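# Structure at a glance
One-letter residues, chain by chain:
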Amino acid sequence: MKISKYKIRTSDLRKTCNPSIFKFNTTEEIKPLRGIIGQDRAERAVSFGLDIDNPGYNIYLAGVFGTGKSRLARELVENKAQQLPVPADWCYVFNYKKPDCPKALQLKAGQGRAFQKDISVTIDEIIKNLVKTLESQDYEFKKNEIVNAFVEETNQMYLQLEEESRSYGFTISRNQNGVSSEPLKNGEPMAQEDYIGLSEEERTELMKKSRIVQEKLKEAFRKYKDLEKVTKENVKKLETDTAIIVITPYFMQLVDRYRQYQQVIDYLGDMQQDLLSHIDVFVEPEDTSSPLYIFKGRDKKAFLKRYHINLLIDNSSLQHAPVVIENNPTYANLFGQIEYEGEFGILATDFSKIKPGAIHKANGGYLILNMYDVAKSIYLWDKLKKVLKNREIVVESIGKTLGISNTETMEPEAIPVNIKIILIGDPFYYYWLYAMDEEFQKLFKIRADFDMEMERNRKHVNEYARFISSVCTSQNLRHFDPRAVAAVIDYGSRMADDKNKLTTLFNKLVEIIYEANCWASYDHSEVVSGKHVKKAIAEKRYRSSMMEDKTQEYIDKNILMISVSGKKVGELNGLAVYAMGDLVFGKPVRITAKTYMGEKGLVNIEREIMMSGSIHSKGVLTLSGYLGSQYAQDKPLSLSASLTFEQSYSGIEGDSASSAELYALLSSLAEVPISQGIAVTGSVNQNGEIQPVGGVNHKIEGYYKVCCQKGLTGQQGVIIPRQNVAQLMLDEEVVEAVRNKMFNIWAVDHIDQGIEILFNMTAGSRDKNGHFSPDSLHYLVDKKLRQWIENKKVLAGKSRPKVPGIGRKRGRR
């Protein structure tokens, strides 16, 4: 039987980059790469999304870690931002009408800081000049005129009252309790004994006159109070008029300067009125020795905060629209917060404690977030959607957002938001949110997919070299020679598991560049050569390969029983791939099949004990379809069979061993041994067609290592699906072994081709009468199944119970 026709050519086992295609001595001579490679689809999607200004066209960058999503987003966004103007500054100011609701003021970029400074300088100048004016001789003279007029008039009132009181026989006296009247006798205040000596009629007359005098006193006191009130109002009016004269010029300057901002004009008007209403706060008390003076000074300092400007967003240093990358998107970092400070044992706050978040800083530009960080908090996600829907940002604590806290007393005015958000994350988050959150579909209408691989063509190969140059230049590393660049390119194809592809996981390539540079330093080499890159790749794998080596050791010691020589019935080597962190390796697994008479059908032992994944169970059940189609067209399929992965103590997933399981079943049914030196991988469908699988390079190399340890015979090898030939990027050692005919790799399209290789006999096909040729494997399987059916009939006849009368002729009565 000639099976060499299924062997894969050595040239198809690996694709090697020829260093001679590079026209440089080192990567220092070529232009470093800017941007990323091989993501044209994603780049077009992001560029398109950035150009649309309509609401809802935010962008989700979907791809695995290390494909350059963040770098592409940053570069494209920064380029787009340079075309847009610098957004406005934002300030929070005291609301004189509603102190708990600070106002938000919008000014042109750079004018926020100027406005803050202007207000600070103006308030200082106003207070200084106001205090100076109120302490001036001119002001004191005018004030004294008002006070002296009040004193003179009150004195006149007193004298008149005294004169009227004497006409009734009383005098007026002043004491600490105010003004009181006393009766007179002979022009002198009446003594107590004189009052006692008065007759009843004299006392009555005296009390009558006393009531008249008291009424006169009350009337005078009312006039005094009215006069005192008018005097205070006149003093206050003088103070206010004086303050207006001092303050107005300053505010007129501010009004002229910020005339284009109506909100600012209104705010300045409110500030001016508030200043005039609190002039007494700025005037120093006459008695500064009082202990209360300390608290008055502190109150004055706290009071003056209402005239400060909280410059929330200052864009004076920007040259274009902002690009903000928030690497720690907590609730406060993203949406801002209101801070508190302790005052006399309590927590207090004011509008100056309002702090901005990334949304505020990126307003008018772009905000880049990592979806993994955002997804950690459902409250963060809900608030972000609310900002995008309402197109405004309100600073509030998460407690207030959830309705579980009433400690906040401030409600800052909302700030309009014009922002485009770029989310970077795994495709899983996109698919999940798209299916479960209908608002996500409306808010993130642009999706940019990042591929893990790209075509291995001359353009991308040259860009790989420029990428290496950019890394070496930016990180001050040794530059690479052409052989080193070629080795990195081959490594890129191996990572992509396809000889005609290159990986786009540039973070993994950077690791090799760093490590190759280190190995070159050990050799005191000025440049990185091909041997340094290969050393870096080998050492990187060695650091992680302890479990692979342990597994190989168990196989060598026959603890894991794997045969790579001889022949056995119902047994062969399948191939499995194990992933442990950054280590991926393949190893053979012994698959055994046992068949016998019965009606149970095909039993998957792993499935019965729930160690089989759904895909693996599907692959085994597919075998029943193949067996029925192949052997049960003219008879019922009657058999019992069991399949298992020997010495497998963990879960099994995938259908890549289904063809190996089918070969084991056929071997057991036909009682024809299988060559143990040949391992098999590949999925099979109900038609017997072999389907491609993953990890083919790791599987081949893993089995090759086992064969090397147990001794290469030249008869060993691996059968793979033909579609997987394009993915072959095998280790050079394996390729050399195949070239020297010490190891073999076959590619098949159908189960029948694998039968020829494994059993060294034809698979067989049906003739026009539906019979298989006698020298074929299918004939032997079909023969066994027919034999079991006949045996079943015989056994059924022998076990049938005898019933009296059955089979006898009955006579007539």
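Here is a short report on the structure shown in this document. (Residues numbered from 1 in each chain as written. Predicted model: local features only at pLDDT ≥ 70, side-chain atom pairs only at ≥ 80, totals over all residues. Heavy atoms only, no water.)

## Considering the overall build of the protein
Per the secondary structure count, the protein includes 28 helices and 30 strands. Burial status across the protein gives 46% buried among its 813 residues. Here the contacts in the protein between residues at least 6 apart in sequence split such that 76% fall between residues at least 24 apart. Looking at the protein as shown, the accessible area adds up to about 43,300 Å², and 50% of this sits on carbon and sulfur atoms. (Helix = DSSP H or I, 4+ residues; strand = E, 2+ residues; numbered from the N terminus. Buried < 20%, exposed > 50% of the residue type's maximum accessible area, 1.4 Å probe, protein only. Contact = heavy atoms within 4.5 Å. Areas by Shrake-Rupley, 256 points an atom, 1.4 Å probe, with all protein chains shown as cover.)

## Quick look at the sheet that holds strand β17 (residues 446-449)
Read across the open sheet, the five strands follow the order β8-β13-β16-β1-β17; overall the sheet is parallel. With partners counted over all chains shown, the strands left at the sheet margins are β8 (323-325) and β17, one partner each. With strand direction ignored, the average angle separating the axes of adjacent strands in the sheet is 20°. Relative to β17, strand β1 (residues 59-62) is paired through four bridges, and the arrangement is parallel. Opposite L61, over in β17, you have A448 as the bridge partner. Lying over the sheet, helix α15 (residues 427-436) contacts β1, β16 (420-425) and β17, oriented at roughly 135° with respect to β1. (Pairing = 2+ DSSP bridges. Axes fitted to C-alpha atoms, helices over the stretch in contact; angles between N-to-C directions.)

## Here's the deal with the side chain of D89
Checked against the element boundaries, D89 lands in strand β2 (residues 89-93). For D89, the side chain forms a polar contact with the main-chain nitrogen of G110, separated by 2.7 Å. There is a polar contact of 3.4 Å between the side chain of D89 and the backbone nitrogen of Q111. (Polar contact = N/O pair within 3.5 Å; in protein donor to acceptor, adjacent residues only side chain to side chain.)

## A few points about the layout of surface pockets
The computed volume of the largest pocket comes to approximately 1,500 Å³. Around the largest pocket, the lining comprises 40 residues; the ones closest to its centre are Y491, R494, I537, R541 and D731. Of all the secondary structure elements, the ones that give two or more residues to the lining of the largest pocket are α18 (482-496), α19 (506-522), α20 (530-544), α21 (546-556), β22 (583-596), α25 (696-710) and α26 (732-739). Here the element with the most residues in the lining of the largest pocket is α20; it accounts for eight residues. (1 Å grid on protein atoms, 1.4 Å probe; cavity = no way out; pocket = protein on both sides within 12 Å on 5 of 7 lines; lining within 4 Å. Points joined across faces, edges and corners; volume = space filled by probe spheres on them.)

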